[in-house]
Amino acid sequence: MREVETDYLVIGAGASGMAFADTLVAHTEAEIVLVDRRHRPGGHWLDAYPFVRLHQPSAYYGVESRPLGNDRIEEHGPNAGFYERASAAEICDYYARVLDESLLPTGRVRFLGMSEYRGGDGDGHLVLSLLDGSETVIKPKRKVVDATYVQSEIPSRHVPGFTVERGIAFVPPNGLVDLAEPADRFTVIGAGKTAIDTCVWLLDQGVDPDRIRWIRGRDPWQFDRTYTQPLDLVGSYMRLQARWVEAAAAAEDGHDFARRLEETGMFVRIDSSVEPQAFRGATVSPRELDALRTIEHVVRARRVRSIGRTSVTTEAGDLPGSPREIYVDCTAAGVPPAAARPVFAPDRITIQYVAVGFLPWCAATIGFVESTGLDDEDKNRLCPPVVFSGDATDLPRLAYAAMQGQVARVRHDAVGPWNAASRLNPARAALDHIDDADVAESLAFMIEHTREALENLGRAAAA
Ligand SMILES: Cc1cc2nc3c(=O)[nH]c(=O)nc-3n(C[C@H](O)[C@H](O)[C@H](O)COP(=O)(O)OP(=O)(O)OC[C@H]3O[C@@H](n4cnc5c(N)ncnc54)[C@H](O)[C@@H]3O)c2cc1C
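A few points on the structure.

Parameters at a glance
Residues numbered from 1 in each chain as written. Predicted model: local features only at pLDDT ≥ 70, side-chain atom pairs only at ≥ 80, totals over all residues. Heavy atoms only, no water. Phe/Tyr/Trp six-rings, centres within 6.5 Å; stacked < 30°, edge-to-face > 60°. Buried < 20%, exposed > 50% of the residue type's maximum accessible area, 1.4 Å probe, protein only. Helix = DSSP H or I, 4+ residues; strand = E, 2+ residues; numbered from the N terminus. Axes fitted to C-alpha atoms, helices over the stretch in contact; angles between N-to-C directions. Parallel < 35°, antiparallel > 145°, perpendicular 65-115°, else oblique. Left-handed = near helix turned anticlockwise from the far one by under 90°. Contact = heavy atoms within 4.5 Å. Nonpolar A, V, L, I, M, F, W, Y, C, P; charged D, E, K, R; others polar. Pairing = 2+ DSSP bridges. Salt bridge = Lys/Arg side-chain N within 4 Å of Asp/Glu carboxyl O.

How two aromatic rings sit relative to each other is set out by the distance from centre to centre and by the angle between their planes. For the coordinates displayed, the defined rule picks out 19 aromatic pairs. On the basis of an interplanar angle of 85° and a centroid distance of 5.7 Å, the ring pair of Phe-162 and Phe-170 is categorised as edge-to-face. For Phe-162, a relative accessible area of 12% translates into the label buried. On the basis of relative accessible area, Phe-170 is assigned to the partly exposed category, the value being 21%. Ring centres 4.9 Å apart and planes at 5° place the aromatic pair Phe-368 and Trp-418 in the stacked group. Here the residue Phe-368 occupies a position in helix α7 (residues 359–371), and Trp-418 occupies one in helix α10 (residues 415–421), the gap between them amounting to 50 residues. For Phe-368, a relative accessible area of 9% puts it in the buried group. Take Trp-418: its relative accessible area is 8%, and that puts it in the buried class. Each member of the aromatic cluster is reached from another via a ring pair, and the members are Trp-221, Phe-223, Trp-244, Phe-257, Phe-267, Phe-279, Tyr-353 and Phe-388.

The structure is reproduced here in structure tokens:
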């Protein structure tokens, strides 16, 4: 058994582990061993369905030290008018380059792929090679970094919570590009981002909306993508920030918070007659929303119990099925709920959301805060975890933690300037566009109302 000494052992080379490692290496002299049971960095993107794209612009996804994409505003398709969003293939290529061209050349980062972390303690941490079974004990002098805590649950590696009769065409979205025969109808199961991507893709390919049946449980509140744009369109993002503060200052509970954001156009729902119960921080464009609304055959059932040759059993009763129907499983959680734990503990860092979405920005922030050398109590004050339970009722609690962290970081002598300049910060171009009325008015509004918003959120979250 070989032994390796290092400063940090990072478990998981997905978006979280890569953003953390990249920032820590840039701002310290630390050595890092990065382990992943996959063969290369990129995490869930390596197994994603081929038509997936980021739901945020590439301009602020990835790692701090390297741009992703060309900051192009798209001219065609459902994302027209918005900054480009990378495909899975582009993201995987990007992370390979970050590792090969940025991290490994520092001489301070080692990557152990096909290597599973098996646990450990103060004496060392065991990593098993999934290729030859050899074991390595890693001895971190500083900390173990768990970059798997909020890892994504994705369709191709997900086991559905219902039974499917043998011979039924039941596929993850990945399977839609491998069909051998045309289908009578597509039944899409799930209500989240994957189901939305799948429906939009089918419609984009020319499938008649009447040949899509959508079984969805809790409808989600979603951000209108118009207001998540960076750089030259940063005024839109600043407007979202101001309307968020405005809603936070007045909301009585999570549903009220969401409805206030809907009134100002920041939040959208697919069906105006149904009050969404879920919130996972996804975004949708107005064009995608229009397309989704053309699907009229919607079955509201939270749980599918079984799929047979001629029927689908759900908690809301049986639905007809046919052998030439394709069932698309979109029930993987994407961002599964996780319990909050302190980000910084004596021997461990747990990468989590510290903002409302934008995981790479969160992971890089944690990397930079670690580099400051503050004690764990101060570091945790700068990084309270923001937990996505998936429930809209939790919006005040989530917004409260996010706002507390943001205010603390902006005021900090070192973290504030770093944060303002980071390419992963969607608001980084705000000061360059101060002559844009949206930017100036939004900043002024936030300066005036953030304290009020924090006080109200504190009350609503406690209630
Ligand atoms: C379709 C989709 C689109 C999304 N779009 C966005 C977006 O636009 N913006 C955004 O901010 N977020 C988005 N997300 C959220 C997403 O969770 C993050 O972007 C991010 O990619 C997740 O990275 P991660 O590193 O936390 O998890 P993962 O990508 O799941 O990586 C975790 C890694 O840890 C490894 N691992 C786990 N356990 C072990 C072990 N014991 N030993 C060794 N290795 C281990 C896994 O092999 C994996 O490679 C999206 C999610 C999905 C599913």
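Attention now goes to the packing of helix α9 (residues 395–411) against helix α11 (residues 437–462). One way to put it is that α9 packs onto α11 with a least axis distance of 9 Å and a crossing angle of 140°. With respect to their mutual orientation, α9 and α11 come out oblique. Note on packing geometry: the crossing formed by α9 with α11 is left-handed. Residues Pro-396, Arg-397, Ala-399, Tyr-400, Met-403, Gln-404 and Val-407 of α9 form the contact with α11, whose participating residues are Thr-450, Ala-453, Leu-454, Leu-457, Gly-458, Ala-460 and Ala-461. Split by residue class, the contact of α9 with α11 holds ten nonpolar, three polar and one charged.

Pairing in this open sheet of three strands is mixed, and the strands run β12-β11-β13 from one edge to the other. Here the strands that pair on one side only, and so sit at the sheet edges, are β12 (267–268) and β13 (278–284). Taken together, the two bridges between strand β11 (residues 220–224) and β12 define a ladder with antiparallel strand orientation. Across the sheet, Phe-223 pairs through a bridge with Phe-267, a residue of β12.

Evaluation of the coordinates by the stated rule reveals 28 salt bridges. Across the pair Arg-97 and Asp-93 runs a salt bridge whose closest N-O atoms are separated by 3.1 Å. Pair noted here: Arg-97 and Asp-93 are both in helix α2 (residues 88–103), with a separation of four residues, about one helical turn. Between Arg-218 and Asp-391 there is a salt bridge whose closest N-O contact spans 2.5 Å. Of the two residues, Arg-218 sits in the loop between β10 (212–216) and β11 while Asp-391 sits in the loop between α8 (376–382) and α9, which places them 173 residues apart along the sequence.

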